[in-house]
Amino acid sequence: MSVNQQAHTGPPYGQPQPGYQGYQQPAYGGQSLPGVPRSQYGAYNGPMPEYQQPVPPQGYFPSLGFPSKGSPVSFNSDSSSLAPNFIGSLRAPPTSGAPPPASGASHPSGHLAYSQFEHGDVQNGIPASAAPMQRPPASQPFLPGSGSTPVSQPSAFQQYGPPPASVQQLSNHMAGMTIGTATASAPPPAGLGYGPPTSVPPVSGSFSPPGSGLYTPYSATQGPPPTSVPQGLPVAQPPFPGQTVSTQRLPTQVPGFAPPPPSTGVGPSSYPPTTGAPRPPAMPGPPLPGQTLAGPPSSQPNHVTSPPPPSALAGLHPGPPMSGLHGPPPPTHPPQPGYQMQQNGSFGQVRGPQPNYGGAYPGTPNYGSPPGPPPPPKRLDPDSIPSPIQVIEDDRSNRGSEPFVTGARGQVPPLVTTNFLVKDQGNASPRYIRCTSYNIPCTSDMAKQSQVPLAAVIKPLATLPPEETLPYLVDHGESGPVRCNRCKAYMCPFMQFIEGGRRFQCCFCSCVTEVPPHYFQHLDHTGKRVDFYDRPELSLGSYEFLATVDYCKNNKFPSPPAFIFMIDVSYNAVKSGLVRLICEELKSLLDYLPREGNMEESAIRVGFVTYNKVLHFYNVKSSLAQPQMMVVSDVADMFVPLLDGFLVNVNESRTVITSLLDQIPEMFADTRETETVFAPVIQAGLEALKAAECAGKLFIFHTSLPIAEAPGKLKNRDDRKLINTDKEKTLFQPQTSFYNNLAKDCVAQGCCVDLFLFPNQYLDVATLGVVPYQTGGSIYKYAYFQLETDQDRFLNDLRRDVQKEVGFDAVMRVRTSTGIRATDFFGAFYMSNTTDVEMAGLDCDKTITVEFKHDDKLSEDSGALLQCALLYTSCAGQRRLRIHNLSLNCCTQLADLYRNCETDTLINYLAKYAYRGVLSSPVKTVRDALINQCAQILACYRKNCASPSSAGQLILPECMKLLPVYLNCVLKSDVLQPGPEVTTDDRAYIRQLVTSMDVAETNVFFYPRLLPLTKADVDSDSLPAAIRNSEERLSKGDIYLLENGLNIFVWVGVSVQQGLIQNLFGVSSFGQISNTLSALPVLENPFSKKVRSIVDMLQGQRSRYMKLIIVKQEDKLEMLFKHFLVEDKSLSGGASYVDFLCHMHKEIRQLLS
Amino acid sequence: MATYLEFIQQNEERDGVRFSWNVWPSSRLEATRMVVPLACLLTPVKERLDLPPVQYEPVLCSRPTCKAVLNPLCQVDYRTKLWACNFCFQRNQFPPAYAGISEVNQPAELMPQFSTIEYIVQRGPQTPLIFLYVVDTCLEEEDLQALKESLQMSLSLLPASALVGLITFGRMVQVHELSCEGISKSYVFRGTKDLTAKQIQDMLGLSRPAVSMQQGRPLQTPEQPPISSRFLQPVHKIDMNLTDLLGELQRDPWPVTQGKRPLRSTGVALSIAVGLLEGTFPNTGARIMLFTGGPPTQGPGMVVGDELKTPIRSWHDIEKDNARFMKKATKHYETLANRTAANGHCIDIYACALDQTGLLEMKCCANLTGGHMVMGDSFNTSLFKQTFQRVFNKGYNGEFRMAFGANLDVKTSRELKIAGAIGPCVSLNAKGPCVSENELGIGGTSQWKICSLDPSTTLAIYFEVVNQHNAPIPQGSRGAVQFVTQYQHSSTEKRIRVTTIARNWADAQTQLQHIEAAFDQEAAAVLMARLGVYRAESEEGPDVLRWLDRQLIRLCQKFGQYNKDDPNSFRLSESFSLYPQFMFHLRRSPFLQVFNNSPDESSYYRHHFARQDLTQSLIMIQPILYAYSFHGPPEPVLLDSSSILPDRILLMDTFFQIVIYLGETIAQWQKAGYQDMPEYENFKHLLQAPLDDGQEILQTRFPMPRYIHTEHGGSQARFLLSKVNPSQTHNNLYAWGQESGAPILTDDVSLQVFMDHLKKLAVSSAS
């Protein structure tokens, strides 16, 4: 971020822009200038297609170049930095926008090439183009590589033009960048610059041959650069999948610009290393310096800054302004050598580039001086900064095809957005466990230094796709599972059998335990038991044990669990038709209670309660001619009035149940009771389960704040004035500790509470949610419930909630190798001590995030092991233990850590951590802490891993290049930064919801998926390619779909073809589209079918049925929609991606200085 | 009026009143020397076939503190249309309606034969009778089934307009809503938590909006039906519903583990029943009918814990102060009983179980409200079934033999004051000039409330003569007492029955023989027994016996004829001759002896003793024994072991039991099957005769007695042997010879020994 962060960015760029404008297309100018960006972007959008092209790396380069121009600052994100850099440049690009055209014109061919690249990987392309122009300045280095430069420039230009579109690409690139990041970008530039030309060509080549082809070339090119780099990085990189990936990307990028941008990060860097070696030489000397520039570029990857620098350079010469950023960069650059080393993996290349840049840099240095300018330079080009879309796409294409085999230790799994199969060969599937890093620092000092939280996100009962096999059930008979004598870890593939198989050594605590006679087996020549493959617990990462009676409460095998449906029958519920709806639905839904395996009928018993100010229990014993209702008015001292006949088998009591469900709506049809109770309802359910001596789940359908005289009575304490004060936290805290105690009792009995809320006003979700939350239940909220619009959503949720797999009375314990320890837990559960996570109920959607801390050293040899053991009662009442094992690597080099991180998981952890923080700290503090931690993480990388580059460069680790954008989304979320339309209940609801989310859910929740429906291929099953969440990506002639796991928006542009509107909505014009639709009309035409199938598919992927909202452009609902365009500045004050990136950069620089 | 016996009998038939003394000693001092207090047994609503009620309001004395009712004893001035109150001497104007009266045209209440008269008055709205069943479900299946059938049957016996309600209880208490279709609905309460009436009404949704309370009665009336209709419904409307509901009643579903008693929330169930009626129908005739099959084992009013290893309290425990729940439980039920009484409702207790059910603690519920108390071994016995059926017996005019919400007001002429009453009533705390400071029984008032009564319900009312010795009463003047009983007839009419009686005064010093001759020893025995039993409730048994003995000795000293220190010279006049014998049997009766009786049984016996009329009471004190043999027609024989002969069949009626005992020879004959041989048909008839007589008693008595058919040597013969005077025991058997009677293995003193001692003590100059 050379970009000088937010503040600067805007204006500075703007200023520069003018200049740039010249270069840039008008649009750009517009954008850059006012920060109005959006609109401008919009304009860009139009260009989209083109953009894409521009997008290509080139853009980056250009940016680089640009940077020099406008914003000297070039970011040098690390390899990715390049990308970033590019980004920077990108922004610059806008300015340069003008140039692009020019370039485009001038270098059409180049552009094309770039563009292609860009599409592919090369984002740089654009930069290149721009670069050229600008670069000259910035990239003096380029100059050197002039030959290349030109090329790059063109691309750059293109990018500029394209930026918007490219943005995505950029992001992709970025990704790439990130990976190889620093290097990548840098390298590219370098490559470009120097070898650039050559490289460039490759780019084009690469285009056609996606990355790989390019790669090779790259590598080749890179090779050189690497030299220096190569050293550490190259080698290392190769090993890492990620790197490889990046490398690949690089190629692509390379092509673009290639090097820099796309590859920028990744490709270049890593590759470079390998190949790098060669390169270095070429680039080396000079490059580095130049790299600085390049750095920018290279660094750009990460560093958005670089771009600026370039601009600076470019403009640069005018650039000085940019300088702010640049300023720093230059210096850094010099050191490049060092950098290279570090950045390396990626950097290798980078360096390469850098060198080139170096040349450029020199110029930059100047910039450096100019620093001031940088800001003016303008904002970053959104296309030049890491794009989530690109990263996701890359991962999908690179890793989606091959099954993920879990045999090896410390493998980083594909992203959650990628569809892949898992083959369990000794480690738990990533569907069960994901870690923030698969390579753990050996010492706590290292861990502290990096500030990367070590956490695992565990979803013990996750649903597997049908192609994967469920964990095998192992029955050891009466003796139960074999366990370590000391730490009680369960038998797993990592246990070491010794003494001919008579004993085994615990892989967690090293204690030696006798193998029980019945379990003895000989070892083969490799020391493996000969029954290795016959026993799931010896060969698989996940499996289940049948628990013995010792694992049961009171030493008694549990009874099958029960479901109790508790329906609010107060006036509101009856009047809205809710009661009738629920009763009707239950009649059929009861046939679908969860069953175990191939059982004929569910073992689960059901019971019914209705309530308003008093509770009504129903006796539905099969022998009765008609149901009996029992009213309990003594809500102060709740009890269950009946035993026999309350919980019944559905099939046996069917007629009575049906009769009951028919009568409930009638009985209360004339009710005038508006007050409700709440705590007594839970108590009633709890008492019922106690009396029946079983675990179970309460389904409570509730409508209002419980103000009737009873325990747990609440008052309306909603006070928006508290927002942004120290007392804001009270909004998230329960009103009374009563519910905490109740929750504790519920957990002790295995009484899980699922709460369906239908509020018409404040009902204090923060308090009502305590019990569901602590018992492992779910909350569903349907504000202003209306039968017509919300019934589908509610019924679908209810159906799924009733049918989904669930375990009861669960206790989870996470054991780890000596050296680290699970210290903190996040999720919906209750803990009575520091190690056991207790959940009354645990369903297939519930996720627990566990944080680990060092309490000793780990060794690189043995790695680190996790064993998550979940003891639970199945839906048929069987007591089981589910075991998940995962082995991780340990490292003594920080670079290894950064190379094996997973940003999605990290965000999952950070979000949960922050969302818990709001309970005890002011929201502002929490946000600052988040920003600070991320800045430290990135600064640590920059300081210890990235190749030396200008301080003005923002260098991001390849694996974390999306961290800023995602983090920004977290910071902007309703909980941490509420807009005026967000209610207190919504915030509490979201807060609790997120706490149980898995990685895939948090991913889409924080960075929604935006699909251009009009781009959908009607004839294929595939989804249209997603685009970035920014208004400028929207074209008013298109229809888009946005989903975040809770809502689906269908956005319709004002100038969408009438035909499309007719096909989709069945009305003839835009104006006739009703925005009260809760579902798309069923129309018989390919487009409608396609869209509906997309919607259905998305609904199918999520654990909750998403609310469908039709948003017409320029309609009032659009405000709501815009809230989810998370890359834009939000109305509630959330920063735009670009601004935030700049801010992040500033923070990092402060830390570094 | 030939003899006092006839006079007494006639009075009893006409007025339902029997005095201990029919000529009253004229001074306080003399009265106390009479030993037996001046008192009477009053049967307030004694069935009078020959007494058509009059359809107008009684005429009251206008003095506010008097308000006596115009009666035949009043002096009437037909000319001036004035009448003088015979209690306070106030002169009153006749009301306008009486303008036409004259010596020959008298209203009924002035005619001497109408010393008892009944008025039907129109007061307030007529409310139907209310029956609230409170049913224990912790019963054996068989018992519950029988009970359900009895309850279903009872529906057909209720008047169609009567309101019925149902509360069931076990571990929880359920108040059933009767007005719903399609689904049976009930309100459930925890069995361990006592609730105030207000809470209960809130929880049942019976609270009326505060507004209507302020608006007062007129508005409440129309509102009442909807409010209470959920729980109390006219029989004709929900007959089928309730029958089904009862049919579906299940045993209490909560598991009872080995070694435990079922958790039974009787205390709360009653509390809720009381609260329900209190909130909906205060001051209306209503019966809460509690059917329970065991002791309350939880919550307020619990009598014993649920651990079977701790047995329910016995007299022994109580004496040792070892009954840990007793006091608290008693207090709970007393509070309830008082509330119920204040509302004019009554509580019946039908307790059927082999073990005790806590009647000791719960007795006040029935005792204070005039409810029935029935004790049996099982609901599946004819004893219960028929007794229960008999609750709904109808009188000669087709109306229930029950009355509700009676208010008994007693007025006396100024020489007398009211000392108290003993019977199924509570004090209304009506202080007045005629209330004595000395209390006997429930005193300190001149008015009592009897929430429920039937034609045999009898109260003992004790008086005190306050006339001072030095203020002689004019010769020929009479003392008068007026009993005014206002009650709700079973037809729901309000009625007032007025009985005015008068007796002569006599100076005990000069006219002792008059007084002596007018002694009603039967009434006196019962009145003394009531006093004794009343005392026994609160005092140690031996103290009561000593008191009784002392009273008896003093009476003998006063009225016996003897030479000092010469027991053999002792004689009692005919009017006293039976009295010592009554006392002998009373001392042995279960009313005073707790040995061999559980606390519940004692409570049960005492309950009935305190409310039955004179005849029944005497049977209780001294059972009747009839002998059937070939030697002659059935004859009453002495309640003595000497009456037990081998060739006799004995029929003993103790009120609570009917025992038919076959003498040794008869039993052998029966075993030999002679009754089946045509030639011995007379034997068959002999066997049948006592059965028929016993059946007759069984048919009419409430509660139905336990029917015992036994023979010489049979285990059940103990019922007979324990009652008869043990004139022959293992101690004196051989001295008496074997030819007559059967020896009783007991150390109890026999009547002979008792009398010997009595004589000795009576003539002793020492005392």
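Residues numbered from 1 in each chain as written. Chains lettered and ligands numbered in written order. Predicted model: local features only at pLDDT ≥ 70, side-chain atom pairs only at ≥ 80, totals over all residues. Heavy atoms only, no water.

As annotated in an unreviewed UniProt entry, chain B carries the name Protein transport protein SEC23 and is attributed to Lepidothrix coronata. The record held by UniProt for chain B lists under Sequence similarities (unreviewed entry) the comment "Belongs to the SEC23/SEC24 family. SEC23 subfamily." The heading Function (unreviewed entry) in the UniProt record of chain B holds the text "Component of the coat protein complex II (COPII) which promotes the formation of transport vesicles from the endoplasmic reticulum (ER). The coat has two main functions, the physical deformation of the endoplasmic reticulum membrane into vesicles and the selection of cargo molecules for their transport to the Golgi complex." (UniProt positions renumbered as here; feature names shortened; annotations may be inferred.)

Regarding chain A, the relevant UniProt record gives this comment under Sequence similarities (unreviewed entry): "Belongs to the SEC23/SEC24 family. SEC24 subfamily."

Moving on, we get to the overall build of chain B. Scanning chain B from N- to C-terminus turns up 23 helices and 29 strands. Here the C-alpha atoms of chain B give a radius of gyration of 28 Å, agreeing with the 27 Å that 2.2 N^0.38 yields for 767 residues. For chain B, the C-alpha atoms occupy an extent of roughly 80 × 80 × 60 Å along the three principal directions. Counting only residues that meet the buried cut, chain B has 59% of its 767 residues in that class. Relative to all contacts within chain B whose residues are 6 or more apart in sequence, the contacts with residues 24 or more apart total 73%. Split by element, the accessible area of chain B, about 31,600 Å² in all, is 51% carbon and sulfur. Of the charged side chains in chain B, 71 are positive and 77 negative; the average position of the first set lies 8 Å away from that of the second. (Helix = DSSP H or I, 4+ residues; strand = E, 2+ residues; numbered from the N terminus. Rg over C-alpha atoms; globule rule 2.2 N^0.38 Å. Buried < 20%, exposed > 50% of the residue type's maximum accessible area, 1.4 Å probe, protein only. Contact = heavy atoms within 4.5 Å. Areas by Shrake-Rupley, 256 points an atom, 1.4 Å probe, with all protein chains shown as cover. Lys, Arg positive; Asp, Glu negative; His and termini not counted. Charge placed at Lys NZ, Arg CZ, Asp CG, Glu CD.)

Now for the sheet that holds strand S9 (residues 503-505) of chain A. Residues and elements named next belong to chain A. Reading across the sheet, the three strands line up as S8-S9-S10 and stay open at both edges, with antiparallel pairing between neighbours. In this open sheet, the two strands that pair with only one neighbour each are strand S8 (496-498) and strand S10 (512-514). Within this sheet the neighbouring strands show an average axis-to-axis angle of 30°, counted without direction. For S9 and S10, the ladder comprises three bridges, and the chain directions are antiparallel. The residue bridging Arg503 from the neighbouring strand is Glu514, located in S10. (Pairing = 2+ DSSP bridges. Axes fitted to C-alpha atoms, helices over the stretch in contact; angles between N-to-C directions.)

Per the UniProt record, "domain: Zinc finger Sec23/Sec24-type" (unreviewed entry) is found at residues 481-519 of chain A. Here residues 481-519 of chain A is 0% helix and 23% strand, with 10 Å between the C-alpha atoms at its ends.

Attention now goes to the state of the cysteines. Summed over the entire model, instances satisfying the criterion amount to zero disulfides over all chains. Here A:Cys934 stays unpaired: no disulfide links it, and the sulfur of A:Cys901, its closest cysteine neighbor, is 12 Å away. Free cysteine: B:Cys346, not disulfide-bonded; nearest cysteine sulfur from B:Cys451 at 7.1 Å. (Disulfide = S-S within 2.5 Å.)

Now for the confidence of the model for chain A. Chain-level statistics for chain A give a pLDDT mean of 73 and a share of 67% at 70 or above. Within the model, pLDDT remains below 50 along residues 1-377 of chain A, and this stretch shows 2378 contacts once partners closer than five positions in the same chain are excluded. (pLDDT = per-residue confidence, 0-100.)

With that out of the way, let us pick up unusual backbone geometry. With the exception of glycine, most residues fall at negative phi, and the peptide bonds are largely trans. All names here are of chain B. With an omega dihedral of -10°, the bond running from Phe702 to Pro703 counts as a cis peptide bond. One can find Pro703 in the loop between helix H20 (681-700) and strand S29 (706-711). The backbone phi angle of Val35 is positive, close to 70°, even though this residue is not glycine. With respect to the element layout, Val35 can be found in the loop between helix H2 (28-33) and strand S3 (39-42). Even without glycine at this site, Thr492 takes up a positive phi of about 75°. The exposure class assigned to Thr492 is buried, which follows from its relative accessible area of 14%.

All names here are of chain A. With 12 residues, helix H33 (residues 738-749) extends 17 Å between its outermost C-alpha atoms, agreeing within 8% with the 16 Å of an ideal straight helix rising 1.5 Å per residue. For H33, the full list of buried residues reads Tyr739, Leu742, Ala743, Cys746, Val747 and Gln749. Considered in projection along H33, the buried side chains sweep an arc of 160° and stay on one side of the axis. Turning to H33, the residues buried within the fold contact helix H32 (679-692), strand S17 (751-757), helix H34 (765-768), helix H35 (770-774), strand S19 (806-816) and strand S21 (837-843). Positive backbone phi, approximately 80°, marks Gly750, located one or two places after H33. (Expected span 1.5 Å × (residues − 1). Arc of directions from axis to C-beta.)

The next subject is the UniProt feature "domain: Sec23/Sec24 beta-sandwich" (unreviewed entry) in chain B. Per the UniProt record, "domain: Sec23/Sec24 beta-sandwich" (unreviewed entry) is found at residues 403-506 of chain B. What you have in residues 403-506 of chain B is 0% helix and 55% strand, and the ends, taken at the C-alpha atoms, are 38 Å apart.

A word on the packing of helix H30 (residues 578-589) of chain A against helix H36 (residues 787-803) of chain A. Packed helices, taken two at a time, are described by the angle between their axes plus the distance between the axes. All names here are of chain A. In contact at an axis separation of 11 Å, H30 and H36 are set at 40° when each is read in the N-to-C sense. The element H30 and its partner H36 pack so that their crossing is right-handed. Where H30 approaches H36, its residues Leu578, Leu581, Ile582, Glu585 and Leu589 are matched on the opposing element by Leu787, Gln791, Phe794, Leu795, Leu798, Arg799, Val802 and Gln803. By residue class, the composition of the contact of H30 with H36 is nine nonpolar, two polar and two charged. (Left-handed = near helix turned anticlockwise from the far one by under 90°. Nonpolar A, V, L, I, M, F, W, Y, C, P; charged D, E, K, R; others polar.)

Right, let's get into the pairing of strand S7 (residues 116-121) of chain B. Within a regular strand, the side chains alternate between the two sheet faces. The buried fraction of S7(B) is high, at six of six residues. Side chains B:Thr116, B:Glu118 and B:Ile120 of S7(B) all project onto a buried face; the interleaved residues B:Ile117, B:Tyr119 and B:Val121 project onto the opposite face, where all are buried too.

The next subject is the interface of chain A and chain B. The parts lose accessible area when they come together, and the size of an interface is often stated as this lost area. Contacts between the two partners involve 26 residues from chain A and, on the opposite side, 21 residues from chain B. When the buried area of chain A at its contact with chain B is split by residue, A:Met629, A:Val631 and A:Phe639 rank highest and sum to 24% of it. Our count for the chain A to chain B interface comes out at three salt bridges. As a salt-bridge pair, A:Asp634 and B:Lys193 come within 3.1 Å of each other at their nearest N and O atoms. Taken together, chain A and chain B are joined by 12 residue pairs in polar contact (both at pLDDT 80 or more). Counting only elements with at least two residues in the side of chain A that touches chain B, the list comes to strand S15 (628-632) and helix H31 (654-667) of chain A. With five residues, S15(A) is the single largest residue contributor to the side of chain A that touches chain B. (Buried area = accessible area lost by both parts, 1.4 Å probe. Salt bridge = Lys/Arg side-chain N within 4 Å of Asp/Glu carboxyl O. Polar contact = N/O pair within 3.5 Å; in protein donor to acceptor, adjacent residues only side chain to side chain.)

Once that is clear, we can look at the sheet that holds strand S27 (residues 649-653) of chain B. All names here are of chain B. The sheet built from five strands is open, its strands ordered S26-S25-S27-S28-S29 with mixed pairing. Each edge of the sheet is formed by a strand with only one pairing partner; in this case those strands are strand S26 (632-636) and S29. Taken pair by pair, the neighbouring strands of this sheet meet at an average axis angle of 15°, ignoring direction. Where strand S28 (residues 657-662) lies against S29, six bridges are found, and the strand directions are parallel. Among the inter-strand pairings, Gln657 is bridged to a residue of S29, identified as Arg706.

The next point concerns the pairing of strand S14 (residues 345-352) of chain B. All names here are of chain B. With eight of its eight residues buried, S14 lies for the most part within the structure. Of the two faces of S14, both are covered, the one formed by His345, Ile347, Ile349 and Ala351 as well as the one formed by Cys346, Asp348, Tyr350 and Cys352. Here seven bridges tie strand S13 (residues 286-292) to S14, and the two strands are oriented parallel to one another. Within S14, the position partnered with Phe291 by the bridge is Tyr350. In the sheet, S14 pairs with strand S15 (residues 373-376) via four bridges, with the strands oriented parallel.

Turning to the UniProt feature "domain: Sec23/Sec24 helical" (unreviewed entry) in chain B, a few remarks are in order. Per the UniProt record, "domain: Sec23/Sec24 helical" (unreviewed entry) is annotated on residues 520-618 of chain B. For the annotated span residues 520-618 of chain B, helix accounts for 64% and strand for 9% of the residues, and the straight-line distance between the end C-alpha atoms is 13 Å.

This paragraph deals with the domain arrangement of chain B. All names here are of chain B. Assigned domains of chain B: these are domain 1 (4-60 + 115-122 + 402-467 + 478-507), domain 2 (130-205 + 228-391), domain 3 (520-622 + 747-766) and domain 4 (623-724). Relative placement of domain 2 and domain 4: their C-alpha centres are 37 Å apart. Taken together, the contact pairs nine residues of domain 2 with nine residues of domain 4. Between domain 2 and domain 4, a total of about 760 Å² is buried, with carbon and sulfur atoms accounting for 58% of that surface. (Domains from an automatic or database assignment.)

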